[in-house]
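The lines below spell out each chain.
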Amino acid sequence: MGVTNGINTGRYLGLPSLIGRSKRATFSYIKDTIWKRIQGWRNKLLSQAGKGVLIKSVAQAIPTYSMSVFLLPVSVCDEIQKMMNSFWWGASSGNGKGIRWQSWTRLARAKELGGMGFCDLQVFNFALLGKQGWNFIHNPNTLVARLFKAKYFPHGSYLSSSLGSNPSFVWRSVWSAKEVVNKGTRWRVGDGKSIYVWRDAWIRDLPGFRLRTNPSSSLENLKVSDLLLDAGRGWDSDLVHSIFENNVSLVICSIPLAKSQTSDLLMWHYIRCIPGPKHYWHLFYDCRYSSSCWTAAKVVKPSLTTDEFPVWLLKLIDDLDPDVMCSVAMILWCVWRQRNQKLWENSLLPAAKAVELGYVFFQDWSRAHAGASSSAVQRANGPLTWSRPLGSRWKCNLDVALFHDLSAIGLGMVLRRNDGQFYACKTLRMPLSCSVKEAEALALREALLWALSLKLADVEFETDSLLVVNSLSSHSLDCSEYGFLISDCVRLRGNGNYSIRFVKRQANKCAHVLARHACFNASLYESFVIPSWLEEVILSDLSSI
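Residues numbered from 1 in each chain as written. Predicted model: local features only at pLDDT ≥ 70, side-chain atom pairs only at ≥ 80, totals over all residues. Heavy atoms only, no water.

A.B. asks: Can you tell me about the packing of aromatic side chains, naming the residues and giving the values?
C.D. replies: Under the definition given, this model contains 25 aromatic pairs. Here the aromatic residues Phe136, Phe148, Tyr152, Phe153, Tyr158 and Trp171 are joined through ring pairs into a cluster of three or more. Looking at lysine 395, its charged tip hangs above the ring of tryptophan 386, at a distance of 5.4 Å from the centre. The side chain of lysine 437 reaches across the aromatic face of tyrosine 482, ending 4.8 Å from its centre. (Phe/Tyr/Trp six-rings, centres within 6.5 Å; stacked < 30°, edge-to-face > 60°. Lys NZ or Arg CZ within 6 Å of the ring centre and 35° of its normal.)

A.B. asks: Got a sec to walk through the pairing of strand S5 (residues 394–403)? Specific residues and values, please.
C.D. replies: Of all 10 residues in S5, 10 are buried; the element is thus mostly enclosed. Of the two faces of S5, the one holding Trp394, Cys396, Leu398, Val400 and Leu402 and the one holding Lys395, Asn397, Asp399, Ala401 and Phe403 are both buried throughout. Sheet analysis places S5 next to strand S8 (residues 458–463), joined by 5 bridges and oriented parallel. What sits directly across from tryptophan 394, in S8, is valine 459. For S5 and strand S6 (residues 408–416), the ladder comprises 9 bridges, and the chain directions are antiparallel. Within S6, the residue paired with cysteine 396 across the bridge is leucine 415. (Buried < 20%, exposed > 50% of the residue type's maximum accessible area, 1.4 Å probe, protein only. Helix = DSSP H or I, 4+ residues; strand = E, 2+ residues; numbered from the N terminus. Pairing = 2+ DSSP bridges.)

A.B. asks: Tell me about unusual backbone geometry, residues and numbers included.
C.D. replies: Phi at asparagine 166 is positive, roughly 50°, even though this residue is not glycine. Inspection of the secondary structure assignment puts asparagine 166 in the loop between helix H8 (143–152) and helix H9 (169–176). Of note, the phi angle at lysine 455 is positive, near 60°, even though the residue is not glycine. The topology assignment puts lysine 455 in the loop between helix H18 (436–453) and S8. Note on lysine 455: relative accessible area 73%, which makes it exposed.

A.B. asks: How would you explain the sheet that holds S6 if you had to name every residue and give the values?
C.D. replies: Strands pair in a sheet through their backbones, by hydrogen bonds, and they do so in one of two ways: parallel or antiparallel. Strand order across the open sheet formed by 6 strands is S9-S8-S5-S6-S7-S10, with mixed pairing between neighbours. With partners counted over all chains shown, the strands left at the sheet margins are strand S9 (497–502) and strand S10 (524–527), one partner each. Neighbouring strand axes in the sheet, compared pairwise and without regard to direction, differ in orientation by 15° on average. Packing of helix H21 (residues 509–517) onto the sheet brings it into contact with S5, S6 and strand S7 (422–430), and relative to S5 it is tilted by some 40°. (Axes fitted to C-alpha atoms, helices over the stretch in contact; angles between N-to-C directions. Contact = heavy atoms within 4.5 Å.)

A.B. asks: Outline the confidence of the model for the chain, supporting the account with residue identities and numerical values.
C.D. replies: In the predicted model, the chain carries a mean pLDDT of 84, and the fraction of residues at 70 or more is 88%. With pLDDT under 50 throughout, residues 273–277 is counted as low confidence; its partners more than four residues away or in other chains account for 5 contacts. In the model, residues 373–380 has pLDDT below 50 throughout and makes 7 contacts with residues more than four positions away in sequence or in other chains. (pLDDT = per-residue confidence, 0-100.)

A.B. asks: Break down helix H3 (residues 48–59) for me, with residues and values.
C.D. replies: Every α-helical turn comprises 3.6 residues, leaving residues that sit three or four positions apart pointing alike. All of the buried residues along H3 are Lys51, Gly52, Leu54, Ile55, Val58 and Ala59. In the core, the buried residues of H3 are packed alongside helix H2 (28–41), helix H5 (74–89) and helix H6 (104–107).

A.B. asks: Describe in detail the packing of helix H14 (residues 288–296) against helix H17 (residues 351–368), supporting the description with residues and values.
C.D. replies: Axis separation between H14 and H17 bottoms out at 8 Å; the angle between their running directions is 60°. Here H14 lies oblique to H17, going by the angle between them. Helix-helix and strand crossings are classified by hand; for H14 and H17 the assignment is right-handed. Across from Tyr289, Ser292, Cys293 and Ala296 in H14, the residues of H17 making contact are Ala351, Ala352, Ala354 and Val355. Partitioning the contact of H14 with H17 into residue classes produces 7 nonpolar, 1 polar and no charged. (Parallel < 35°, antiparallel > 145°, perpendicular 65-115°, else oblique. Left-handed = near helix turned anticlockwise from the far one by under 90°. Nonpolar A, V, L, I, M, F, W, Y, C, P; charged D, E, K, R; others polar.)

A.B. asks: Go over the nonpolar core with me, naming the residues and quoting the values.
C.D. replies: Judged by nonpolar contacts, the single largest core of 40 residues is most densely connected at Cys396, Ile409, Leu411, Leu444, Val459 and Phe461. Listed by contribution, the elements that provide at least two residues to this core are S5, S6, S7, H18, S8, helix H19 (466–472), helix H20 (481–493) and S9. Ignoring anything within four residues of it in the chain, the contact list for phenylalanine 461 reads Cys396, Leu398, Leu444, Ala447, Leu448, Ala451, Tyr498, Ser499, Ile500 and Arg501. One finds Leu159, Ile195, Val240 and Val251 within the second-largest nonpolar core, a separate group that totals 35 residues. (Core = buried A, V, L, I, M, F, W, Y, C linked by side-chain atoms within 4.5 Å.)

A.B. asks: Would you mind going over the pattern of salt bridges in detail, with residue names and values included?
C.D. replies: Taken as a whole, this structure holds 15 salt bridges when the rule is applied. Of the charged contacts, one joins glutamate 79 and arginine 24 as a salt bridge, the two residues approaching to 2.4 Å between their closest N and O atoms. Of the two residues, glutamate 79 is situated in helix H5 and arginine 24 in helix H1 (residues 23–26); the sequence distance between them amounts to 55 residues. Judged by its relative accessible area of 45%, arginine 24 is partly exposed. Taking the shortest distance from any N to any O, the salt bridge between glutamate 460 and arginine 393 comes out at 3.8 Å. Within this pair, whereas glutamate 460 is found in strand S8, its partner arginine 393 is found in the loop between H17 and S5, the two being separated by 67 residues in sequence. Residue arginine 393 is classed as buried on the basis of its relative accessible area, which comes to 15%. (Salt bridge = Lys/Arg side-chain N within 4 Å of Asp/Glu carboxyl O.)

A.B. asks: Kindly report on a nonpolar patch on the surface, identifying the contributing residues and their values.
C.D. replies: Taken together, the side chains of Val180, Trp268 and Tyr270 define a hydrophobic patch exposed on the protein surface, amounting to about 280 Å² of accessible area. If you trace the backbone, tyrosine 270 turns up in the loop between strand S4 (265–268) and helix H13 (277–286). The exposure class of tyrosine 270 is partly exposed, given its relative accessible area of 44%. (Patch = residues over 30% accessible without salt bridge, like charges linked within 9 Å, V, L, I, M, F, W, Y side chains within 5 Å. Areas by Shrake-Rupley, 256 points an atom, 1.4 Å probe, with all protein chains shown as cover.)

A.B. asks: Just give me the short version of the packing of helix H7 (residues 121–138) against H9, but keep the residues and values in it.
C.D. replies: It is the contact of H7 with H9, at a shortest axis distance of 7 Å, that shows an interaxial angle of 95°. Here H7 lies roughly perpendicular to H9, going by the angle between them. Within the contact between the two elements, H7 uses Phe126, Leu129, Gln132, Gly133 and Phe136 and H9 uses Trp171, Ser173, Val174 and Ser176. A breakdown of the residues in the contact of H7 with H9 according to their chemical character gives 5 nonpolar, 4 polar and no charged.

Have a look at this one:
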């Protein structure tokens, strides 16, 4: 017939330049490359740890470049994973055959969940392609983003795009990850002008970040800006409560807003794929076994002051008597050890026996560390007692308390002169449900605004949140609500000679008492006279000067 064979264009810049009907044949070079590497490793005497390093740093890295552009066939991903699984369980030499004691699905779980932390290649493929779609959203002026927008979504965005007719394989791959991006994306509220109340994902504490109820026709096109006060610096709580149910209204009014004019921002909600706070709370606090351990040890469970387990634990170290804290640490260790025993050896001691064994280990540890210096175990540098400000400056101490039963936070702050004498104190109770770091940043922002309103231009601010202090000097971009609270603090700090430093809880007792006392006040309390319930703490601070 005179038909000539087509020219095989091969690969360009490491990627196939022509995608034919057989995707499996097109991407077989990835499987062949990994197979050759694994065959070379089989002749080496490798430990399981060595095999794990080679799998993670070499074998799993080989397809990354291609997976960031193309959606690999499921069969190719499965065959690669079978090769890696065979290498992991097989002998270090010979034909590498061996019993596969666990499937790759189990090995691909996070280590916190009993796996080895290997990659599920299909999931990883979607993550890399989703990142390309994310770049279309946040870097719309790049050449590749402009090209794809002009061809596939000229009148919309990546998130609202359709596959279209006769799409390229690259666009088909990137578009297939749209649902992944949609599930993890939400709006951070700024001025609210870009966010539709009923259509968009913007309420961070609701499933899917969006409302599930159907609006009336008159409210169908309502925007978030319509729910804000005229200045855009706060929620119109009366309007919000008149439109939504009580539980939804509380969640909406709990969303922090910036004090400065800020545009709405489409952000990625999730940070890390590790067990969340609820996982740790259940393990150490709520489950029947851990509850039995607390009972067997005859230790009362410390009250929950935060929804973040690490922060709760660090606050216990500051607040509890050392002997009680040692008992708490022993119980947590017992629970964790028994969890590992159950997971890996399918054995579990009775709670009373586990606690008894824990006390034995603790006594052995105490005898071994009897002569250790206490300074060797300090968490962070910071003064342990309150001190006067330098020169003629003022000092403002601030702290925050979370009241979970009231769905509120309490802010406490106290101003003192350079001689240590009391000047004023303030408490503020706010109907918010937020993380500890957001509450600490919010307390700092309110303290800065308070100092500005009193026309104090030379103030030292002290907080027991090391995270907030470090965030103020960080140059990394944080698009979350916490990020713009920190941005507000940085901007307000520039309006005077303000310094902000970290102190231990022991040097911040006055602000801590004030924050806890905010529970008894309806909203705002401000006094230029020492309250009777604060006198003892003030005198204690003065005696330490």
